[in-house]
Amino acid sequence: MRLVAFGVGYVGLVTGTGLAELGHDVLCVDIDPERVRALRDGVIPIYEPGLGDLVRRNGRAGRLRFDTEVTPPFDEADAYFLAVGTPPGPDGSADVSAVHAAAGQVAKVARRPALVVVKSTVPVGTCDAVQAGLDGKAKVALEVVSNPEFLKEGTAVQDFFRPDRVVLGARGQQARDTLRALYAPLQLSGERVVVTDPRSSELTKYAANTMLAMRVSFMNELSRLCHVTGADIHAVRLGIGSDTRIGKRFLYAGPGYGGSCFPKDVQALIHLGRANGVPMRMAEATHQANEEQAHFLARLVEESVGSLAGKTVALWGLAFKPETDDIRESPALKLTDVLLARGASVTAHDPEAARNYQKATAAAGARVKVFDRDYDALDGAHALVLLTEWRSYLAPSFAEIRKRLRDAGDGKPPVVIDARNVWKPAEVTRAGLRYQGIGVHTPAAAPGEP
Ligand SMILES: NC(=O)c1ccc[n+]([C@@H]2O[C@H](COP(=O)([O-])OP(=O)(O)OC[C@H]3O[C@@H](n4cnc5c(N)ncnc54)[C@H](O)[C@@H]3O)[C@@H](O)[C@H]2O)c1
């Protein structure tokens with residue numbers, strides 16, 4: 001098939017490239033000329049494992065092209081995928097203007113009947129609104145279909161080729177058949193396509209993200225309760241996760257959820273509920289609990305080093321999760337804001353997201369310093385907070401960390417706050433550091449123990 005993908009971000013670039021890899025002729029269109037230029041040179045504007053090789057291979061094979069507009073022969077494409085951003089507006093509602101703008105482009109150029117496939121995450125009713133806009137403008141029949149994306153940054157390429165499920169929201173049988181055929185090669189180990197109407201499909205995406213975010217926020221709230229009651233979040237997780245009705249995944253307490261999807265989609269669902277007179281109480285509480293987690297982290301630092309004014313806190317891990325350079329709504333950004341507001345300075349390191357974090361915190365000037373090497377970020381800091389469990393942080397030299405960090409000043413050793421609960425407390429304390437996890441309790445060393 002001849003296909004066009006609008007937007008070369010995490011979703012559009014992976015989708016366009018994945019479809020090219022399946023043998024289709026694909027044009028990726030983006031309004032950002034720099035991104036397009038870079039991609040034509042084989043340079044990937046985002047960090048996504050495995051994507052670079054695929055882009056270059058399909059580019060060389062002539063199946064994958066990049067442009068700032070739709071050019072012939074792609075004005076005669078079979079389908080136009082819209083994978084542009086839908087960021088939150090000031091009131092939390094999803095801004096779908098880029099979706100309408102891209103659809104407007106399709107209306108202008110399309111010279112044969114085609115599908116317009118909305119992959120962006122959009123509020124219920126958006127596909128219908130896009131359809132209404134096209135019906136007035138397009139010269140040919142264009143059918144709008146909802147096909148929300150469920151890929152995860154960091155494993156996006158894998159997720160494209162082996163999706164858990166594909167959700168298709170289409171009214172026409174022909175549209176359903178065309179998309180089923182397009183996704184058939186990805187369904188080799190059993191059909192996992194859910195076919196429904198566009199509105200249910202649109203809501204499914206918000207429901208999925210909010211339910212996952214809810215689990216995370218619930219565990220984070222429990223971790224705070226563990227912290228003050230002496231219960232242990234690991235035990236609670238194992239205890240509930242082994243119930244098959246609950247399941248094991250997404251039950252890890254941590255620094256709060258972040259990224260370009262959960263925070264904005266939870267907020268968009270809250271807004272959608274309000275706009276329709278149906279308060280989304282669970283989503284509201286999920287959002288609130290997440291906002292509070294950054295303050296809980298700051299409190300953990302404070303409990304260990306005293307007032308934050310004039311202190312330096314080192315952060316390891318700035319991306320919202322490992323294997324991505326995406327820092328949108330990352331816990332590191334939220335914690336940075338709280339620390340700065342309380343008078344602390346921040347030193348920081350991340351294997352891939354340092355540049356994005358530096359740009360996002362530029363207004364703080366010298367109070368935020370980003371380092372190329374992980375241990376260099378620790379020199380003279382009063383505490384280290386591990387926020388992202390990148391592999392390179394999993395087995396550090398705690399002796400080196402001890403050497404670089406500054407003593408608390410009250411005779412106590414420096415503290416590391418393991419906001420991902422991935423380090424072994426005994427290893428940390430053996431190096432002469434204090435350990436603080438999230439909702440876990442480190443027994444004081446027995447007399448005679450190092
Ligand atoms: N990132 C994820 O993990 C993920 C997962 C599932 C769904 N989604 C959803 O997919 C959509 C895209 O997300 P993303 O993270 O890939 O976004 P992104 O911000 O990484 O990329 C969006 C791209 O769209 C381009 N763009 C904006 N307006 C355009 C237009 N009119 N024509 C062509 N290009 C245009 C931008 O220049 C940018 O390159 C969002 O709705 C998001 O909620 C994202």
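Bear in mind the structure is a predicted one, so any value in this text is a computation, not a measurement.

What counts, and at which threshold
- Residues numbered from 1 in each chain as written.
- Predicted model: local features only at pLDDT ≥ 70, side-chain atom pairs only at ≥ 80, totals over all residues.
- Heavy atoms only, no water.
- Domains from an automatic or database assignment.
- Contact = heavy atoms within 4.5 Å.
- Buried area = accessible area lost by both parts, 1.4 Å probe.
- Buried < 20%, exposed > 50% of the residue type's maximum accessible area, 1.4 Å probe, protein only.
- Helix = DSSP H or I, 4+ residues; strand = E, 2+ residues; numbered from the N terminus.
- Pairing = 2+ DSSP bridges.
- Right-handed = clockwise from strand over helix to strand, strands pointing away.
- Salt bridge = Lys/Arg side-chain N within 4 Å of Asp/Glu carboxyl O.
- Phe/Tyr/Trp six-rings, centres within 6.5 Å; stacked < 30°, edge-to-face > 60°.
- 1 Å grid on protein atoms, 1.4 Å probe; cavity = no way out; pocket = protein on both sides within 12 Å on 5 of 7 lines; lining within 4 Å.
- Points joined across faces, edges and corners; volume = space filled by probe spheres on them.
- Nonpolar A, V, L, I, M, F, W, Y, C, P; charged D, E, K, R; others polar.
- Expected span 1.5 Å × (residues − 1).
- Polar contact = N/O pair within 3.5 Å; in protein donor to acceptor, adjacent residues only side chain to side chain.
- Near = heavy atom within 4 Å.
- Core = buried A, V, L, I, M, F, W, Y, C linked by side-chain atoms within 4.5 Å.
- Axes fitted to C-alpha atoms, helices over the stretch in contact; angles between N-to-C directions.

Section: the domain arrangement of the protein chain
Interfaces are often sized by the accessible area lost when the parts come together. When its domains are assigned, the protein chain resolves into domain 1 (2-196) and domain 2 (199-450). The centre of domain 1, based on its C-alpha atoms, is set 33 Å off from the matching centre of domain 2. At the interface, 33 residues of domain 1 touch 25 residues of domain 2. Between domain 1 and domain 2 lies a buried interface of about 2,300 Å² when both sides are counted; carbon and sulfur atoms form 54% of it. Considering only the side of domain 1, the residues that lose the most area to domain 2 are Tyr47, Val124 and Glu153, jointly responsible for 29% of the buried surface there.

Some details on the pairing of strand β13 (residues 415-418)
Residues Val415 and Ile417 point to one face of β13 and Val416 and Asp418 to the other, with burial holding for every one of them. Two strands pair when backbone bridges link them, and strand β12 (residues 383-386) and β13 are joined in this way by 4 bridges, in the parallel orientation. Within the sheet, the bridge partner assigned to Leu386 lies in β13 and is Asp418. Once the chain exits β12 it traverses helix α14 (residues 398-404) before rejoining the sheet at β13, and the crossover so formed is right-handed. Taken together, the 4 bridges between β13 and strand β14 (residues 434-437) define a ladder with parallel strand orientation. Residue Asp418 lies in a different strand from β14, and its bridge partner there is Gly437.

What to know about the pattern of salt bridges
Between side chains of opposite charge, a pair can form as their charged atoms come close. By the definition in use, this model includes 28 salt bridges. Across the pair Arg112 and Asp78 runs a salt bridge whose closest N-O atoms are separated by 3.2 Å. Residue Arg112 is located in the loop between α4 (97-109) and β5 (114-118), and its partner Asp78 is located in the loop between β3 (64-67) and β4 (79-82); the two are separated by 34 residues in the primary sequence. Take Arg112: its relative accessible area is 30%, and that puts it in the partly exposed class. Of the charged contacts, one joins Asp326 and Arg328 as a salt bridge, the two residues approaching to 3.1 Å between their closest N and O atoms.

Description of the packing of aromatic side chains
What the rule picks out here adds up to 8 aromatic pairs. Ring centres 5.9 Å apart and planes at 70 degrees place the aromatic pair Tyr257 and Phe262 in the edge-to-face group. Looking at Tyr257, the relative accessible area reads 6%, which means it is buried. For Phe262, a relative accessible area of 14% corresponds to the buried category. Plain terms: the ring middles of Trp316 and Tyr375 are 5.7 Å apart, the flat faces sit at 75 degrees to each other, and that makes the pair edge-to-face.

A closer look at empty space enclosed by the protein
On inspection of all chains with the given rule, the structure shows 2 cavities of 30 Å³ or more. What the largest cavity holds in volume is close to 40 Å³. Lining the largest cavity, in full, are Val118, Ser120, Thr121, Val122, Ser146, Pro148, Ser201, Glu202 and Lys205. By residue number, the principal contributor to the lining of the largest cavity is helix α8 (residues 198-229), which donates 3 residues. When its residues are assigned to classes, the lining of the largest cavity shows 3 nonpolar, 4 polar and 2 charged. Counting residues domain by domain, the lining of the largest cavity receives three or more from each of domain 1 (2-196) and domain 2 (199-450). By volume, the second largest cavity is sized at about 30 Å³. Residue composition of the lining of the second largest cavity, grouped by class: 3 nonpolar, 2 polar and 2 charged.

A closer look at α8
Spanning 32 residues, α8 covers 47 Å between terminal C-alpha atoms, matching the ideal 46 Å at 1.5 Å per step. The opening residue of α8, the one whose side-chain oxygen lies 3.1 Å from the backbone nitrogen of Arg199, is Asp197.

Looking at the site of the ligand
Every one of the 28 residues lining the ligand counts as a neighbour, but Val11, Asp30, Thr86, Glu153 and Lys264 are closest to it. At a separation of 2.6 Å, an oxygen atom of the ligand approaches a polar side-chain atom of Thr86. Side-chain polar atom of Arg328 to an oxygen atom of the ligand: 3.1 Å apart, as the coordinates give it. At the level of secondary structure, the elements contributing two or more residues to the shell around the ligand comprise α1 (10-21) and α4. At 3 residues, the largest contribution of residues to the shell around the ligand is made by α4.

Quick notes on the nonpolar core
Within the largest apolar cluster, 59 residues are counted, with the highest numbers of intra-cluster contacts made by Leu315, Trp316, Tyr357 and Ile401. When residues of this core are assigned to their parent elements, the largest contribution, 7 residues, is made by helix α11 (residues 281-305). In this view, Leu315 contacts Ala332, Leu335, Thr336, Leu339, Val346, Thr347, Ala348, His349, Tyr357, Leu384, Val385 and Leu387; residues no more than four positions away in its chain are not counted. Among the nonpolar cores identified, the runner-up in size contains 37 residues, and Ile46, Val117, Ala170 and Leu186 belong to it.

Side note on the sheet that holds strand β9 (residues 312-316)
The strand order β11-β10-β9-β12-β13-β14 describes an open sheet built from 6 strands, whose pairing is parallel. Sheet topology places β11 (368-370) and β14 at the edges, where each strand pairs with a single neighbour. Each strand axis lies, on average, 20 degrees off the axis of its neighbour in the sheet, ignoring direction. Pairing of β9 with β12, which is carried by 4 bridges, proceeds in the parallel orientation. What sits directly across from Val313, in β12, is Ala383. This element, α11, spans β9, β12, β13 and β14 of the sheet and lies at about 160 degrees to β13. Sheet contacts for helix α12 (residues 331-341): β9, β10 (345-349), β11 and β12; angle to β9, the most-contacted strand, approximately 180 degrees.

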